[in-house]
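Chain by chain, the residues run as shown.
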Amino acid sequence: MKLQRKNGLRATALAALAVSGALVLTACGSDDNTGGTNGGSGGKTDAASNVKCDDAKGQLLAAGSSAQKNAMDLWVKNFQAACSGVEINYQPIGSGGGITKFNQGQVAFAGSDSALKPEEVEESKKICKTGQGINLPMVGGPIAIGYNLNGVDNLVLDAATIAKIFDNKITKWDDAAIAKLNPGVKLPATTIQAFHRSDESGTTQNLGKYLSEAAPADWKHDPKSKAWLAKGGQAASGSSGVATGVKGTDGAIGYFELSYATAQKINAVKLNTGAAAPVEATPENASKAIAAAKIKGTGNDLALGLDYKTKAEGAYPIILVTYEIACDKGNKAETLPALKAFLNYTVSEDGQKVLSDAGYAPLPAEIAAKVRAIVPTLS
């Protein structure tokens, strides 16, 4: 199944972003997401007046992508404020850990920054007794290449230099390859401290896919891997850990979702993609790349094929789409009502609107419509 028209999707994506305005980011969020309630079962607050609680009750456990943690914090807060008697517990342990927990039956859904692999789908059939795990796109956005370099607040890199930096082949900030991309910028001879994820991560995988496609001569590592395969560098847990490492280290560079860069006031690299001008990491620019995606999944699976090599003007190609992974059939009866109610909210117009406040890109309208049609059919 494919999207009807690429141009139409691009237009609807940009329309969805038109309301975003200035980005007002939340911090990385508290682990206390209990939110507030107003006493009555299924009650509503003004802040979440359009949340439909239906028969949701009890505790809903989920785990996975740390990329969507800031968005998940907002969703959980709003949902729990509207629906008393429901507790959503999301653990941002990384995409790989989330999928593992899902396929072990420990969580009702998993968040992943990459679609399930065929072998993971097969494994999910043991838990989804009459069905299988499916990929439901829920939130998109740019992966920022954040850096901390004293005296430099405007830096341009391309795919080849990023690949060489993270592969420990460029080790000084005044390297000729970096200087060539930044004429007139006084680059110090500081040693580069490259930070990467220590946990398995869809963010790592999406960066690897970008580097493999945009700089194939310089990045030879398996783009399907969620684990960091390059040698050298410093490891940190989760997007928050990498961002904290970059923030506290002069000469550092790392990768994480834009919300982490903005929340901690970390400079982000502009990309030389071959377009007329370097491209900034913004939700709008990421959306221009996400809008060109095609659905490669079948049936109710909405896995997307992203274009990491785009040279379109203003399109930022280091992107990810985070999926919520759930059973299409065979969900546990005790958690199914809460699962459907919560996912119905996250993909609703109201749920998608709050993404802009956290530095994410709402789903393009055509993709969101497909997700909204599938969630009520979960059984």
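Data block above holds the structure.
To start, this report covers the structure provided alongside it. (Residues numbered from 1 in each chain as written. Predicted model: local features only at pLDDT ≥ 70, side-chain atom pairs only at ≥ 80, totals over all residues. Heavy atoms only, no water.)

## Remarks on the packing of aromatic side chains
Okay, step 1: With the rule as written, the count across this model stands at six aromatic pairs.
Okay, step 2: Taking 5.4 Å as the distance between ring centres and 85° as the angle between the ring planes, the aromatic pair formed by Phe79 and Phe342 counts as edge-to-face. Pair noted here: Phe79 is in helix H2 (residues 69-82) and Phe342 is in helix H11 (residues 336-346), with a separation of 263 residues, a long-range link.
Okay, step 3: Note on Phe79: relative accessible area 0%, which makes it buried.
Okay, step 4: The exposure class of Phe342 is buried, given its relative accessible area of 0%.
Okay, step 5: Both rings, one in Phe166 and one in Trp228, keep their centres 5.7 Å apart while their planes meet at 75°; by these two values the pair is edge-to-face. Note that Phe166 is positioned in helix H5 (residues 159-166) and Trp228 in the loop between helix H7 (202-214) and strand S7 (234-236), a separation of 62 residues in sequence. (Phe/Tyr/Trp six-rings, centres within 6.5 Å; stacked < 30°, edge-to-face > 60°. Helix = DSSP H or I, 4+ residues; strand = E, 2+ residues; numbered from the N terminus. Buried < 20%, exposed > 50% of the residue type's maximum accessible area, 1.4 Å probe, protein only.)

## Remarks on the pattern of salt bridges
Oppositely charged side chains can form a pair if their charged atoms are brought close together.
Okay, step 1: Taken as a whole, this structure holds six salt bridges when the rule is applied.
Okay, step 2: For Asp73, the salt bridge is made with Lys69, and the minimal N-O distance between the two is 2.9 Å. Here Asp73 pairs with Lys69, and both are found in helix H2, just four residues apart, close to one helical turn.
Okay, step 3: Residue Asp73 is classed as buried on the basis of its relative accessible area of 12%. (Salt bridge = Lys/Arg side-chain N within 4 Å of Asp/Glu carboxyl O.)

## Quick look at the state of the cysteines
Okay, step 1: Counted under the stated rule, the structure contains two disulfides.
Okay, step 2: What pairs with Cys53 in a disulfide is Cys83, and their sulfur atoms sit 2.0 Å apart. Disulfide Cys53-Cys83: torsion about the S-S bond near -90°, hence left-handed. Taken together, the residues Cys53 in the loop between helix H1 (6-17) and strand S1 (58-64) and Cys83 in the loop between H2 and strand S2 (86-91) connect sequence positions 30 residues apart.
Okay, step 3: Residue pairing for Cys128: its cysteine sulfur links by disulfide to Cys327, the two sulfurs lying 1.9 Å apart. On the S-S bond that ties Cys128 to Cys327, the torsion sits near -70°, and the link is left-handed. One end of the pair, Cys128, is in the loop between helix H4 (118-124) and strand S4 (133-148); the other, Cys327, is in strand S13 (residues 319-327), with 199 residues separating them in the sequence. As far as burial versus exposure is concerned, Cys128 and Cys327 are alike and both buried. (Disulfide = S-S within 2.5 Å.)

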